[in-house]
Every structure is written in structure tokens, then in C-alpha cells.
Amino acid sequence: MSWGTELWDQFENLDKHTQWGIDFVERYAKFVKERLDVEQTYAKQLRNLVKKYCPKRAKDEEPRFTSCVSFYSILGELNDYAGQREVVAEEMSHKVYNELMRYSQELKAERKHHLQEGRKAQQFLDHCWKQMDNSKKKFERECREAEKAQMTFDRLDNDINATKSEVEKAKAQLYLRTHMADESKNEYAAQLQNFNTEQWKHFNKSIPHIFKNLQNMDERRTVKLGETYRSFAEAERRVIPIVSKCLDGMVSAAKSVDERRDSAIVVESFKSGFEPPGDFPFEDFSQNLSRTGSDSTISNTPKAERDLGPIPRSEAKQTIGRSKNKLWLFGKKPKVPSLEDFSHLPPEQRRKRLQQKIDELNRELQKETDQRDALNKMKDVYEKNPQMGDPNSLQPKISETICNMQKLRSEIHKNESWLSEVEGKQSSRGDRRHSADNHHHTPGRESPEGSYTDDTSQEHHTPRHRPAQPAQPNPDPHEFDDEFDDDDPLPVIGHCKALYSFDGQNEGTLKMAEDEVLYVIEEDKGDGWTRARKQSGEEGYVPTSYVEITIEKNSKGAVTYI
């Protein structure tokens, strides 16, 4: 159906309809604009959310737990998903919104042109109608004047009293009016014929052509809307495969969570390598009481402990009271300064830190090696092509790089020696513990004092004879109170490993188990005693001959074995 034939008289309604069509296009464009704003805002909020929960951190602080790694993988996939929302917004902006706004301007210009042509055609037809109407009115007026002249002539011609001149004048007036009426008639007829012709052209050619153009414009507008609807949907469809991959990545990250691996990482991260503390010794406060029986009735107390003599009740209470906050596993640890060889750390943690440092030094050494090779190549190029540069200018940089490489190799060697020392001690400790466990099942064995006994209560699990203890230190009790209760503990100058167990029942001494590792905070001053500190923070003196001591001097890695 054609607007030109069916709607030939609906110019005003077509004007309103085409204006509504353009308004609808702009309304849909506004909808797309708000839709892409929603996508952009959503993508921005997603990126901010990812940034908030995935802060920057150093490499050594990167999460290793599978649950954390999976979560950060999900955040990465979510960040990619936000990128796809941005792609959707960009597609909608370029292929839908911008296209609609451009096409809306074209529609406005085209509609304006067609309506102007229609108005011009209507104005020309109105002009023809006015000319025809004016000629018609003139013809009507001339005919009335001619009728009046005819009546005047007839009256004078029949009047016997009228003079001949009056009759001749009336006749001439009648002839004039009749002639003017004939001319008006001819003019009216010509104008009427012209108007009819123009009116036929208007309603059969001009208006149908104009309305047909408006119809084509409106149909193209409808087609364009359908295309933009598809583009709107295609913008979403094109990102579905990538979005599906993001969601699949999130599912894969969720499946990669391994609770057993996380538990193993916890053990690896916090394992100290130390053995659990041994049993507390029995403190016999009844030794000062008079006994009627034989001394053998109290033989449950080990000989080494009896040799140390009784411990006064007040001193025992002070020892227990002073150390009760320092013995427990979850007690407050003293502040220990960081050392270059990480000897302030437990063995396992020390081994890990040394290995990490060696890896870092190897990476730095590789960088320096690559830089040296590059400088040598550049020097060769300069020597072959002097116009490119002076080869001697690179020599200082090459020398500096070689010096850095030597320093790094020295550091690597030093850290590798420390690492070998830690690994050797851990393996020897494991061997001794294994041999002690096998020896524990032997029914008869020789006591540390050289006497043979089957009583397991007197066993100290020492694999060889331990030397005699030195004379007990007799420091001022108040001196120990001041030293041990000081808020700033003495710095660690080394560490030691117990070769034998020591009960440490006297004031100022420190109990230790065989193979236990302690921090050394004060060397032997010639009296046979070394001041040490446990991992729990408890401090005291141990026999120097009972321990294997490693002292770090000047923090340079030089080690003295005693």
C-alpha cells in the first residue's frame, strides 16, 4: 500500500507520524546510552572490587595456600569478565548508539526536505486556486454590470421621453460591459482549466511522490531499528564465549582447592625443626628431712641430680616463678635480633630462609653475568667500528660488573656453607635420635656414671659418658633477678646443641635435653659455664662441656667450634 494514493489527503497526520518515528529513534538511542552506562559502571565497580581484594604485595608475601591461590585466580577471571562488560559497552556505543544518533540527524534532514516540497506544492495549488477564484469573481462582477447596462438600455429604449443621445450612450455602455464580461469569462475559463490541471498534477503526481518518499524514509527507519536491535543483542552474544571461559576458569579454580596441600604448607611454613620439650624433673624438697632408712630408699633421684646437692625451697620457688612465663609453647618470646646467617631462627625455618637467599643471589648473579656479556659484545662492536663509540669508556662498567659478580659468588658460597651446616646438623640429629630409639629397647645398659642399671627411671638417654660437671656457679640471686627480668634480653651471639641432658636444678642453671638447640647469649668466662636461652625465652647457665657451641663473630659468618 502506498501513502501517496491511500493517504493523499493526510499530509498533517503524516507530518505528525514521521516526527513520532524520529522521536522514537532518539528515545531508543537514549535507552542504549543508559544501558551502556550501566555496563561501564558495572565494569568499573567490578574492577574496583577486584583491586580492593587483590592488593599489591611483595613476591615473598604471595599466598601459597590453594584456597588463596584459587581466590586470586577467581579475582583474575572476574577482572577479565569486567573487561568483557567494557567490550559490550564499547560495541553498543559504536555500533548502536552512535549509529542511531547519526541516522536520526539524517532522518530529520530528509523529513524536512520532503515536507518542504509538499508545502511548496500545496502553496502553488493554493495560488492557482486563488487566481481562478479571482477570475471567477471578476467574471461574476462583470456579468452583473453587463446586466445592469442591459436593463438601462432597455428602459431608455422603451421610454418615449428619452433622447436619442441617451439611448446611444446606454447602448455603448451595454456594448462595453458585454465585451468586458466576455473577456472575464474567457479569463475565468483559462484559470479554471489551469487550476484543474495543476490540481490533478498535485494529487496524482506531486503529493504521491512526496508521500512515497516519506513512506520510504519511514520504512528505512523501521529497518534501521531492527538492525540496531540485532546489533544490541550481538554485542552480548560475541562476548559469551569469553565469559564462558571466565566462568570455567572460576570453576577450575574452585576445583583446585586442596585442603591437604594447605595443611602441608602450614607445616612447611611454621615447622621449627626442634624436638618437643622433655619431662620436668622431680624436685625432692624432702631431702633435708632426717631419714631412718637407708640412702638407697631415695635412689629414685638420679645420681647426677643428687651430686648437685639439695635445692633450697625459696630458690626453687624463685626459679619456677621466674620461668613459668618463659617455658610454655605459646608464651611470649624475647626479641631476638636478625642475623645474617639467620641463626636466630629455628633450624627448619633457617634452612628455608638460606635457600631463598641463595636463589635470590643466583638470580642477581645471572643478571650481572648477562650485563657483563652485553657490555663485552658492545665493546667488541666499538673496537670493530670506532665511529660508534670508545671501547675504553665501557671498561669501568665492565670492571664494576665483574666486582659485583665476585661479591655475589662470595655471598653465595657463604650462604651455601651455612646451608650445608644446617642440613648436616639436622641429618646428624636424626641419626642420633634413631640410634637412641633403638638403644632404648635394650634391657640393660650402662648409666652415664658408668654403673650398670636396669632401672629406666634413672636413664638419661645419653649415648656416651658425659664429662663431670664444673663447680656450680654461685652468683648473687638478686643479680639473676635483675638480668632475667630485664625487658631487653641479651643479644644472641651464637647457638649450641646439647650433647647430654642436664637437669639444671640449682638457681641460675638451665635444664636441657639431649640434642636440644639453644641460643648462646654469653660465652664461657673460664668457670666452665655458658649462658644460654631456650626458644621459650627461659635463660640460664649450662655446662660448657655438655654442649657443642657455634659462635658467630662480627656477623661475618666466621664460626668457632668449641
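In this text the structure is predicted, and so the values were computed from the model without any measurement. (Residues numbered from 1 in each chain as written. Predicted model: local features only at pLDDT ≥ 70, side-chain atom pairs only at ≥ 80, totals over all residues. Heavy atoms only, no water.)

**Things to note about the overall build of the protein chain**
For the protein chain, the helix and strand inventory stands at ten helices and eight strands. A sequence separation of at least 24 residues applies to 72% of the contacts in the protein chain between residues at least 6 apart. With the model as given, the accessible surface of the protein chain reaches about 34900 Å², and the carbon-plus-sulfur share is 52%. (Helix = DSSP H or I, 4+ residues; strand = E, 2+ residues; numbered from the N terminus. Contact = heavy atoms within 4.5 Å. Areas by Shrake-Rupley, 256 points an atom, 1.4 Å probe, with all protein chains shown as cover.)

**Thoughts on the packing of aromatic side chains**
Summed over all chains, the structure comprises twelve aromatic pairs. Geometrically, the ring pair formed by F502 and Y546 is edge-to-face, given 6.0 Å between the ring centres and 85° between the ring planes. Within this pair, whereas F502 is found in the loop between β3 (494-498) and β4 (517-522), its partner Y546 is found in the loop between β6 (539-543) and β7 (547-553), the two being separated by 44 residues in sequence. Members of the aromatic cluster, each reached through a chain of ring pairs, are Y28, F31, Y229 and F232. The ring of Y103 carries the charged tip of K224 above its face, separated from the ring centre by 5.7 Å. (Phe/Tyr/Trp six-rings, centres within 6.5 Å; stacked < 30°, edge-to-face > 60°. Lys NZ or Arg CZ within 6 Å of the ring centre and 35° of its normal.)

**Some words on the environment of D218**
With respect to the helices and strands, the residue D218 is situated in helix α4 (residues 164-255). With a relative accessible area of 9%, D218 lands in the buried category. Between the alpha carbons of D218 and Q19 there is a distance of 9.9 Å; along the sequence they are 199 residues apart. Apart from residues no more than four positions distant in its own chain, D218 is found in contact with W3 and H17. (Buried < 20%, exposed > 50% of the residue type's maximum accessible area, 1.4 Å probe, protein only.)

**Brief notes about the pairing of β4**
Summarising burial for β4: six of the six residues are buried, a large majority. Bridging between β3 and β4 involves four bridges; their strand directions are antiparallel. Opposite G494, over in β4, you have V520 as the bridge partner. Where β4 and strand β5 (residues 529-533) come together, three bridges link them in antiparallel fashion. Its bridge partner lying in β5, Y519 is registered against R533. (Pairing = 2+ DSSP bridges.)

**Quick notes on the pairing of β6**
A large share of β6 lies buried, amounting to five of its five residues. The alternating pattern of β6 places E539, Y541 and P543 on one face and G540 and V542 on the opposite face, and all of these are buried. As defined by bridge partners, β5 adjoins β6 across five bridges and the pair is classed as antiparallel. Looking across to β6, one finds that W529 is bridged to P543. Hairpin remark: β5 followed by β6, antiparallel, with five residues in the connecting loop; positive phi at G537, about 105°.

**Description of the nonpolar core**
Counting residues in hydrophobic clusters, the biggest one holds 36 residues, and the most contacted among them are Y28, V32, M92, L100 and F211. Those elements that place two or more of their residues in this core are α2 (11-53), α3 (66-158) and α4. For this core, the element with the most residues is α3, which contributes 13 residues. With sequence-adjacent residues up to four places away left out, F211 is seen in contact with W3, G4, L7, W8, Q10, F11 and L14. (Core = buried A, V, L, I, M, F, W, Y, C linked by side-chain atoms within 4.5 Å.)

**With respect to α4**
For α4, spanning 92 residues, the distance from its first C-alpha to its last is 132 Å, which sits close to the expected 136 Å at 1.5 Å a residue. In the structure, α4 departs most strongly from a straight axis at H202, where the bend amounts to approximately 45°. (Expected span 1.5 Å × (residues − 1). Bend = angle between axes of the 7 residues up to and from the residue.)

**Topic: the confidence of the model for the protein chain**
Taken residue by residue, the protein chain gives an average pLDDT of 78. The fraction at 70 or more is 77%. By mean pLDDT, the top-scoring element of the protein chain is α2 (93), and the lowest-scoring one is strand β1 (residues 445-446) (36). Confidence over residues 438-465 falls short of pLDDT 50; this stretch has 42 contacts with residues more than four positions distant or in other chains. Taken together, the stretch residues 474-487 has pLDDT below 50 and engages in 13 contacts with residues farther than four places along the chain or on a different chain. (pLDDT = per-residue confidence, 0-100.)

**Here's the deal with the packing of α3 against α4**
The contact between α3 and α4 brings their axes to 6 Å, and the two run at 175°. Compared by their axis directions, α3 and α4 come out roughly antiparallel. Grouping the constituent residues of the contact of α3 with α4 by class yields 44 nonpolar, 22 polar and 27 charged. (Axes fitted to C-alpha atoms, helices over the stretch in contact; angles between N-to-C directions. Parallel < 35°, antiparallel > 145°, perpendicular 65-115°, else oblique. Nonpolar A, V, L, I, M, F, W, Y, C, P; charged D, E, K, R; others polar.)

**Topic: the pattern of salt bridges**
Throughout the structure, instances matching the rule amount to 30 salt bridges. Salt-bridge contacts for E86 lead to R47; the nearest nitrogen and oxygen are separated by 2.9 Å. Taken together, the residues E86 in helix α3 and R47 in helix α2 connect sequence positions 39 residues apart. Measuring nitrogen to oxygen at the nearest pair gives 3.4 Å for the salt bridge that ties E411 to K414. You can see E411 and its partner K414 sitting in helix α9 (residues 395-440), three residues apart, about one turn around the helix. Through salt bridges with shared partners, a single ionic network connects E99, R102, E106, K224 and E227. (Salt bridge = Lys/Arg side-chain N within 4 Å of Asp/Glu carboxyl O.)

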